[in-house]
Amino acid sequence: MENASDQNSLPRRDQILQTAIHVFAERGYLNTDVQLIANLCGIGKGTVYRTFESKDNLFFEAALSIFEALERRLKIMEEMAGSTFERLEFFLTSSAELFARNPSYIKIMQQTRSLPLNLLPDRLVTLLQNRFIDAGCVIFREAMDKKLMAIGNPMSYQISMMNSMWGVISHYNAAMDPLSLVERVRFTFHLFLNGILLK
């Protein structure tokens, strides 16, 4: 059970994280000053450092909070009924909804994805490799077992799909696209499926 001081620190920690996400997204990691984040939160810079230890840690905790929000959608996908690819479509479109509501998340993801794996904290690498890639591989293995698609390397399919979907999300332009981000992700996912499903 949390003690009173832990409960009191949760809202402040969340406030710092959400503010940091917006500032890192707008300015980029290198151009972000922790003092600005502290000022926007109405707290001292030392409070930010006592909560997150360093600017690096703050950035990675901000990124991790986004990956954890995506993982919650992944868990729903894993527990839901539905056909193999209906479940995967749910994960992709619900993730697109998250990004559509929080455009700053896209910029944080872009910055995180540009870093080599050896610079990322272990928790982030574990989520990327052991959760997102593995969960997709399970879906593609299931599709192969059901003879919905040709036998192949599930990881190759998963990485290709993730890169396709991420390309759509990171380059989406609402002013130039007649479809919403969610509809564009759904459309692209069906194009991807048309290329791999057995006819």
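Numbering of residues starts from 1 in each chain and follows the order in which that chain's sequence is written. The predicted nature of this model means local features are confined to residues of pLDDT at least 70 and side-chain atom pairs, given and counted, to a pLDDT of 80 or more, with totals for whole chains, interfaces and linings taken over all residues. Each side-chain value is derived from all of the structure's non-hydrogen atoms; neither hydrogens nor water enter the calculation.

### Digging into empty space enclosed by the protein
And then number 1: A 1.4 Å probe that fits but cannot get out identifies a cavity on a 1 Å grid over protein atoms alone, an open set with protein on both sides within 12 Å along at least five of seven lines counts as a pocket, and a residue lines either if it has an atom within 4 Å of a point. Grid points are joined across faces, edges and corners, and a volume is the space filled by probe spheres set on the points. The tally for this structure, following the rule as stated, stands at 1 cavity of 30 Å³ or more.
And then number 2: If you add up the space inside the largest cavity, you get close to 310 Å³.
And then number 3: Contributing to the lining of the largest cavity are 21 residues, with Leu70, Phe91, Met109, Phe132 and Met162 lying nearest its centre.
And then number 4: The greatest single-element share of the lining of the largest cavity, amounting to 6 residues, is contributed by helix H8 (residues 154-171). For helices the rule is a DSSP run of H or I covering at least 4 residues; for strands it is a run of E covering at least 2, with both sets numbered from the N terminus onward.

### A closer look at the environment of Val34
And then number 1: Looking at where Val34 falls in the secondary structure, it is placed in helix H2 (residues 34-41).
And then number 2: Note on Val34: relative accessible area 3%, which makes it buried.
And then number 3: Taking the C-alpha atoms as reference points, Val34 and Asn118, 84 residues apart in sequence, are found 24 Å from one another.
And then number 4: Here a residue-residue contact requires only that any non-hydrogen atoms of the pair lie within 4.5 Å. Leave out the neighbours within four places in its chain, and Val34 touches Lys45, Val48, Tyr49 and Lys55. A simple rule labels every residue: compare its accessible area, found with a 1.4 Å probe on the protein chains alone, to the largest value its type can have, and call it buried under 20%, exposed over 50%, or partly exposed in between.

### Concerning helix H3 (residues 45-52)
And then number 1: If you check which residues of H3 are buried, you get Thr47, Val48 and Phe52. The buried residues of H3 occupy an angular sector of 110 degrees when projected down its axis, which confines them to one face.
And then number 2: With its phi angle positive at about 75 degrees, Glu53 sits one or two positions after the end of H3. Picture the helix axis, draw a direction to every C-beta atom, and the arc is the one those directions span.

### Quick word on the layout of surface pockets
And then number 1: In this structure, the largest pocket occupies an estimated 250 Å³ of space.
And then number 2: At the level of secondary structure, the elements contributing two or more residues to the lining of the largest pocket comprise helix H6 (103-113), helix H7 (122-145) and H8.
And then number 3: Considered as a void within the structure, the second largest pocket measures approximately 160 Å³ in volume.
And then number 4: Around the second largest pocket, the lining comprises 13 residues; the ones closest to its centre are Leu64, Ser65, Ile66, Glu68 and Arg72.
And then number 5: For the lining of the second largest pocket, the leading source of residues is helix H4 (residues 55-79), giving 7 residues.

That is the geometry; function is a separate question.
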